[in-house]
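# Topology and contacts: notes
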Amino acid sequence: MAATVRLSSKGQIVIPKDVRDSLHWGVGVELILVTTEHGVMLQTKPKQQRRLPANSLRGFLQHTGAPVSTETLCRPVEYTNDRF
């Protein structure tokens, strides 16, 4: 998709609605302006992923069945070749 835009006296451009819609750029989206040998390129700014401490995962997986003893959980698993 291509569109022609005009630079305003304040150095601003308007990205046409159909282009914004096709790229899913809504209000507040942050863009990076990259200069290239041919002009400029716009990219969406990648969202920074928050790092969570391991203890924040406590209770993440819920077990709804009967309680399982520690001994059962720690028992070695026997694998057989007929699984596949």
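Residues numbered from 1 in each chain as written. Predicted model: local features only at pLDDT ≥ 70, side-chain atom pairs only at ≥ 80, totals over all residues. Heavy atoms only, no water.

## As for the overall build of the protein
Scanning the protein from N- to C-terminus turns up 2 helices and 2 strands. The C-alpha radius of gyration computed for the protein amounts to 27 Å, which surpasses the reference 12 Å derived for 84 residues by more than 25%, pointing to a less compact arrangement than a globule. Principal-axis analysis of the C-alpha atoms places the extent of the protein at approximately 75 × 35 × 25 Å. Here the protein holds 84 residues, and the buried ones make up 4% of them. Here the contacts in the protein between residues at least 6 apart in sequence split such that 3% fall between residues at least 24 apart. When the accessible surface of the protein is split by element, carbon and sulfur atoms take 54% of a total near 9000 Å². (Helix = DSSP H or I, 4+ residues; strand = E, 2+ residues; numbered from the N terminus. Rg over C-alpha atoms; globule rule 2.2 N^0.38 Å. Buried < 20%, exposed > 50% of the residue type's maximum accessible area, 1.4 Å probe, protein only. Contact = heavy atoms within 4.5 Å. Areas by Shrake-Rupley, 256 points an atom, 1.4 Å probe, with all protein chains shown as cover.)

## Overview of unusual backbone geometry
A positive phi is found at His 24, a non-glycine position, where the angle reads about 60°. You can see His 24 is positioned in the loop between helix H1 (17-22) and strand S1 (31-36).

## Focus on the environment of Glu 78
On the secondary structure map, Glu 78 appears in the segment after helix H2 (70-74). With a relative accessible area of 76%, Glu 78 lands in the exposed category.

## Quick look at the pattern of salt bridges
On inspection of all chains with the given rule, the structure shows 2 salt bridges. Put simply, Lys 17 and Asp 21 hold a salt bridge, and the shortest N to O gap is 2.8 Å. Remark: Asp 21 and Lys 17 occur in helix H1; sequence separation between them is 4 residues, near one turn of the helix. Assessed through its relative accessible area of 52%, Lys 17 is described here as exposed. Residue Glu 30 pairs with Lys 45 through a salt bridge whose shortest N-O separation is 3.8 Å. In this pair, Glu 30 is assigned in the loop between H1 and S1 and Lys 45 in the loop between strand S2 (39-44) and H2, connecting sequence segments 15 residues apart. Classification of Lys 45 by relative accessible area gives partly exposed; the value is 42%. (Salt bridge = Lys/Arg side-chain N within 4 Å of Asp/Glu carboxyl O.)

## A short note on the environment of Val 68
On the secondary structure map, Val 68 appears in the loop between S2 and H2. Among residues more than four places away in sequence, those in contact with Val 68 are His 63 and Leu 73.

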